[in-house]
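# Coordinates in review
Each chain, written out:
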Amino acid sequence: MGERPAPHIQEPASEHTHTVILLHGGGSDGPQLWRAIRRMRPSLFAKFPSFRWVFPSSGLLWSSSMEMERKQWLDASPRDSSESAQEIPGLSSSVEYVLGLIEDEVQRLGGRADRLVLGGLSQGQATSLHALLRCEHRLGAYVGMSGWLPLAHKLDQGMKVEGDLQGAEAPTPVFLGHGTHDRKVPLELALRARHVLSTNMKVDVTWRQYVGAKLDGHWIKEPEELEDVAEFLQAKLQIQNHI
């Protein structure tokens, strides 16, 4: 994997209290996801003016299906049957990168990991969920949209991940949203991720599914999903709505 571009940053409009790190999907980058969310309504930026938003970019990674370099965090299909993270090209490297971003932002927050939110869309969810399993901190919240959990078949069989949530007394609360007719990441794979997290790892998972999302169901559903994410963050971070 080549050098990664610097993350795109949306600085808070008021005194900084929380940070969100949000990973883009395959074929995209941090600035593109930032622009998409900026256009969406209701505006998450307006709802949380004290939040610093970090949109990292994956850089280029060889795509075995397209036979070319592509902007992506890992080279695997949602139905990949690898036996370990090391067998999925890009995953381990991307997870280490995300863990480094988490450490930087926790320091920026004065050590308050409970004020940091991690999340991602599609491939970004796949990567950031594995980073969450590896993370040494109990974060404030996690938000995944239109994605899956790589190696869910192995995790469902009891496979351990270094530093994973199975040993945590109070794992990071998780939101998962998914389109009912998603043609890129079938709903069943998102449901398996929910099952592994909630049943095997005892994670508090908030699950929502949506009808009529754009891009063949593989996108953020406006306005319902944004409203649900905002409500989830307000509840789990114990903050008040600003608008």
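Further up the page is the structure itself.
Residues numbered from 1 in each chain as written. Predicted model: local features only at pLDDT ≥ 70, side-chain atom pairs only at ≥ 80, totals over all residues. Heavy atoms only, no water.

## Some thoughts on empty space enclosed by the protein
Keep this limit in mind: Grid points spaced at 1 Å over the protein atoms alone were grouped into cavities, where a 1.4 Å probe fits but cannot get out, and pockets, open sets with protein on both sides within 12 Å along at least five of seven lines, with lining residues defined by an atom within 4 Å of a point. Grid points are joined across faces, edges and corners, and a volume is the space filled by probe spheres set on the points. Put simply, DSSP H or I for four residues or longer makes a helix, DSSP E for two residues or longer makes a strand, and each gets a number counted from the N terminus. Residues are grouped as follows: Ala, Val, Leu, Ile, Met, Phe, Trp, Tyr, Cys and Pro are nonpolar; Asp, Glu, Lys and Arg are charged; all remaining types, including Gly, are polar.
Here the structure, examined in full by the defined rule, presents one cavity of 30 Å³ or more. Element by element, the count of residues in the lining of the largest cavity is highest for helix α7 (residues 224–237), at three residues. Residue classes in the lining of the largest cavity are distributed as twelve nonpolar, no polar and no charged.

## Notes on the pattern of salt bridges
For the record, the criterion: One speaks of a salt bridge when a side-chain nitrogen belonging to Lys or Arg is within 4 Å of a carboxyl oxygen belonging to Asp or Glu. For each residue, the accessible area found with a 1.4 Å probe, counting protein chains only, is set against the maximum for its type, and the residue is called buried under 20%, exposed over 50%, and partly exposed in between.
In the structure shown here, the tally under the stated rule is ten salt bridges. Taking the shortest distance from any N to any O, the salt bridge between Glu105 and Arg52 comes out at 3.0 Å. Of this pair, Glu105 sits in helix α3 (residues 91–108) while Arg52 is found in strand β3 (residues 51–55), placing the two residues 53 residues apart along the sequence. Given the relative accessible area of 6%, Glu105 is considered buried. Beyond isolated ion pairs, a larger network of salt bridges with shared partners links Glu11, Arg52, Glu105 and Arg108.

## Here's the deal with the environment of Glu105
Convention followed: Any pair of N or O atoms that falls within 3.5 Å is considered a polar contact. Within protein, one atom must be able to donate a hydrogen and the other to accept it, and sequence-neighbouring residues count only if both atoms are side-chain atoms.
In sequence terms Glu105 and Ala76 are 29 residues apart; their C-alpha atoms lie 28 Å from each other. Only 3.0 Å separates the side chain of Glu105 from the side chain of Arg52, close enough to count as a polar contact.

## Comments concerning α3
Put simply, the rule is: Multiplying 1.5 Å by the residue count of a helix minus one yields the expected span of that helix. Here, residues are in contact when the closest pair of their heavy atoms is within 4.5 Å.
Its 18 residues give α3 an end-to-end C-alpha distance of 26 Å, which sits within 8% of 26 Å, the value for a rise of 1.5 Å per residue. Restricting attention to buried positions, one finds in α3 the residues Leu91, Ser94, Val95, Tyr97, Val98, Leu99, Leu101, Ile102, Glu105 and Val106. Where the residues of α3 are buried, they touch β2 (18–23), β3, β6 (116–121) and α4 (123–134). With its phi angle positive at about 70°, Gly110 sits one or two positions after the end of α3.

## Focus on the nonpolar core
Test applied: In this text, buried Ala, Val, Leu, Ile, Met, Phe, Trp, Tyr and Cys residues form a nonpolar core when linked through side-chain atoms within 4.5 Å.
Counting 46 residues, the largest nonpolar core has Ile21, Ile102, Leu118, Leu139, Leu149, Val174 and Leu197 as the members making the most contacts within it. Contributing elements (two or more residues each) for this core: β2, α3, β6, α4, α5 (152–155), β8 (174–179), α6 (187–200) and β9 (205–210). If you tally residues by element for this core, the top one is α3, at eight residues. Sequence-distant contacts of Ile102, that is, excluding residues within four places in its chain, are made with Ile21, Leu116, Leu118, Cys135, His137 and Leu139. Of all hydrophobic cores here, the second largest spans 28 residues; its members include Trp34, Phe45, Ala141 and Tyr210.

## Digging into unusual backbone geometry
Put simply, Arg41 and Pro42 share a cis peptide bond, and its omega is 0°. Considering the arrangement of structural elements, one finds Pro42 in the loop between α1 (30–39) and α2 (44–47). We note that Lys202 has phi near 60°; this positive angle belongs to a residue other than glycine. Under the relative-accessibility criterion, Lys202 is labelled exposed at 61%. The backbone of Leu215 sits at a positive phi, close to 55°, despite the residue not being glycine. Relative to the helices and strands, Leu215 resides in the loop between β9 and α7.

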